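# Coordinates in review
Listed below are the residues making up each chain.
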Amino acid sequence: SQQGEEDPQALSIQEGENATMNCSYKTSINNLQWYRQNSGRGLVHLILIRSNEREKHSGRLRVTLDTSKKSSSLLITASRAADTASYFCVNALNFGKGTSLLVTP
Amino acid sequence: NAGVTQTPKFQVLKTGQSMTLQCAQDMNHNSMYWYRQDPGMGLRLIYYSASEGTTDKGEVPNGYNVSRLNKREFSLRLESAAPSQTSVYFCASSELGTGAHSNQPQHFGDGTRLSIL
């Protein structure tokens, strides 16, 4: 399997704190994508980072990519209760198992 | 704009029954995908269609067949359902992909929750 692996599997923080999730992958990539899944819903695309990029921002999201370590991280700043969801990294249609984020008021 | 629509949302089958999961997208996307999601397993690709008229196997195709009926519709068929196929099934589409190396974001439906007794 070429699945990536997210770390941690579960993360619990309070509103206002930052949340960092990591993803490791096994093969070379063209790009890496991050998705969010709210309970009972489909996945929603958050951000795509190409293999020649090291960092990308979108609103409160910051994604980094280290191709030498085959790893990526997703940082959510100033978390809100609405950020409670599972987050997945995706490499060429291979999904990781996700990080379950709980943000409490 | 509905995006990706999956029907039905819920279904209970008995072992050995057959059924077809329907998926339609209204975004004029070329590529469509079927995944299954099991607890603790993430999403696994069953089949995909890089463009109208083509289909390819993914990671877990056994026990499933697909039909790319036209550009909008991509159906998944279970010919003889087994309890191991109890799962949540997601359909997705993307603008233009080359299948396994798509650089395009995928748009997902809300899933079909399938239980096989």
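This structure is a prediction, so every number in the text was calculated from the model and none was measured. (Residues numbered from 1 in each chain as written. Chains lettered and ligands numbered in written order. Predicted model: local features only at pLDDT ≥ 70, side-chain atom pairs only at ≥ 80, totals over all residues. Heavy atoms only, no water.)

What follows covers unusual backbone geometry. The general pattern is negative phi for most residues beyond glycine and trans for most peptide bonds. For the bond running from D7(A) to P8(A), omega is 0 degrees, close enough to zero to count as cis. The omega angle of the peptide bond from T7(B) to P8(B) is -5 degrees, so this bond is cis rather than trans. Among the secondary structure elements, P8(B) is positioned in the loop between β1 (4-7) and β2 (10-13). Although it is not a glycine, L93(A) sits at a positive phi angle of roughly 70 degrees. Here L93(A) is to be found in the loop between β9 (85-91) and β10 (94-95). With a phi close to 60 degrees, N28(B) is a non-glycine residue in the positive phi region. (Helix = DSSP H or I, 4+ residues; strand = E, 2+ residues; numbered from the N terminus.)

So, about the side chain of S49(B). Residues and elements named next belong to chain B. Topologically, S49 is positioned in strand β5 (residues 42-49). Residue class for S49 comes out buried when judged on its relative accessible area of 0%. A polar side-chain atom of S49 sits 3.0 Å from the main-chain carbonyl oxygen of S51. In terms of polar contacts, S49 uses its side chain to reach the side chain of R68, at 2.7 Å. Apart from the residues lying within four places of it in its own chain, the contact partners of S49 are N30, S31, M32, T54, T55, R68 and F74. (Buried < 20%, exposed > 50% of the residue type's maximum accessible area, 1.4 Å probe, protein only. Polar contact = N/O pair within 3.5 Å; in protein donor to acceptor, adjacent residues only side chain to side chain. Contact = heavy atoms within 4.5 Å.)

Residues and elements named next belong to chain A. Relative to strand β7 (residues 61-66), strand β6 (residues 55-58) runs antiparallel, the two sharing 4 bridges. Looking at the pairing, K56 lines up with V63 of β7. Where β6 folds back onto β7 in an antiparallel hairpin, the turn is made up of 2 residues, including G59, whose phi is positive at roughly 60 degrees. (Pairing = 2+ DSSP bridges.)

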